[in-house]
Amino acid sequence: NFCTYCIVPYVRGREKSREPQAIIREIEELVADGVTEIMLLGQNVNSYGKTLDNPITFAQLLQQVEQIEGLRWIRFMTSHPKDLSDELIEVMKNSKKICRHLHLPLQSGSSRILKLMNRKYDKEQYLELAAKLRREIPDLSLTTDIIVGFPGETEEDFEDTMDVVRKVQYDSAFTFIYSKRSGTPAAKMPDQVPDDVVHERFDRLLKVVNEAAKEQNGKLTGNTELVLVEEIDEKDDTMVTGRLSNNSVVHFKGDASLIGKIVPVVLEESKGFYYLGRLSVNG
């Protein structure tokens, strides 16, 4: 997509899509090996299939993947807001296997800065898309990427970003301080923002992001939810760590025999960015 701050298209070349048959075959082999969940990964999954001899949409690929016997959960990233279709929203909404999590990079909430970034959507379009996702899939967890201090960013531009964060209420956000990548158009842009201003804005943004995330991530406290167990807890080997469909992390008492299994867990306490729970005896 040639975002002006990003070196990837120059290094990796133009995007191309793998044949759907090859993807399906690989997943079938993984599932036969005992894999429970797969992640479809692309620089921009929403533009998948456009370069194929027989074009196919990403939503159609997901429907094919969903048919694979034995596969329990499907994740994917990253989605570019400019290509996220109503068809994809519909497929996610009706799916029994696609996880309730969508990573939708914002980068900036300022339409002026988004244009300088070559992102091809504006603040209003992004907010409309986020509102549609929340409306159509109420239990969806939304996460994002945000860059602070892009060349030319004014206080007003930054306030636009803060406004989007407050309105969308992200479950979490990866926040970055803009850094020059030589060879990118942004590196040569005038009005590079002074370091002290960038750091001050970054701290303010982090505070708002964390407040929203804490509120969002506590919503399921008291519920019994399915958790895919991933590993023994790093800090306590009597516990295991897993993830909910919405990508929230959960820690609870358990042993290595649970790894790779999807089990019901009572979410007893929210710690802001993760839950503490216990294995449900009724599961």
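Here the residue numbering is sequential within each chain, running from 1 through the sequence in written order. Only residues with pLDDT of 70 or above have their local features reported here, since the model is predicted, and side-chain atom pairs are shown and tallied only from 80 upward, although totals for entire chains, interfaces and linings are computed over all residues. With hydrogens and water stripped out, all remaining heavy atoms of the structure feed into the side-chain values.

Thoughts on the sheet that holds strand β9 (residues 262-270)
For step 1, the next point in the chain: Strands qualify as paired when DSSP identifies two bridges or more between them. A run of DSSP states H or I qualifies as a helix once it reaches four residues; a run of E qualifies as a strand once it reaches two. Both are numbered from the N-terminal end. The five strands lie next to each other as β6-β7-β8-β10-β9, forming a closed barrel whose pairing is mixed. The sheet shows a mean angle of 50° between the axes of neighbouring strands, taken without regard to direction.
For step 2, the next point in the chain: Relative to strand β10 (residues 274-279), β9 runs antiparallel, the two sharing five bridges. Counterpart to Ser270 in the pairing with β10 is Tyr275. Interaxial angles span 0 to 180 degrees and are taken between N-to-C directions of axes, which are lines fitted to C-alpha atoms, for helices over the stretch in contact.

Quick notes on the pairing of strand β5 (residues 172-177)
For step 1, the next point in the chain: Of the strand pairs in this sheet, strand β4 (residues 141-148) and β5 are connected by six bridges, and their pairing is parallel. By the bridge assignment, Thr144 is partnered in β5 with Ala173.
For step 2, the next point in the chain: Handedness of the β-α-β unit built from β4, helix α7 (residues 155-168) and β5 comes out right-handed. The definition of a right-handed crossover adopted here requires that, viewed with the strands pointing away, the path from the first strand over the helix to the second runs clockwise.

Remarks on the sheet that holds β5
For step 1, the next point in the chain: Read from one edge of the open sheet, three strands run β3-β4-β5, paired in parallel fashion. At either margin of the open sheet sits one strand with a lone partner, and together these are β3 (101-103) and β5. Put simply, the sheet's adjacent strands are angled 15° from each other on average, direction ignored.
For step 2, the next point in the chain: Bridge count for β3 against β4 is three bridges, and the pairing is parallel. Note that in β4 the partner of His103 across the bridge is Thr143.

Concerning the side chain of Arg100
For step 1, the next point in the chain: With respect to the secondary-structure elements, Arg100 resides in the loop between α4 (86-94) and β3.
For step 2, the next point in the chain: Each polar contact in these results corresponds to two N or O atoms within 3.5 Å; when the atoms are within protein, one needs to be able to donate a hydrogen and the other to accept it, and residues that are neighboring in sequence are counted only if both atoms are side-chain atoms. For Arg100, the side chain forms a polar contact with the main-chain oxygen of Lys93, separated by 3.1 Å.
For step 3, the next point in the chain: When near neighbours in sequence (up to four residues on either side) are disregarded, Arg100 contacts Met92, Lys93, Ser95, Ile137, Asp139, Leu140, Ser141, Ser245 and Asn246. We call two residues in contact whenever any of their non-hydrogen atoms come within 4.5 Å of each other.

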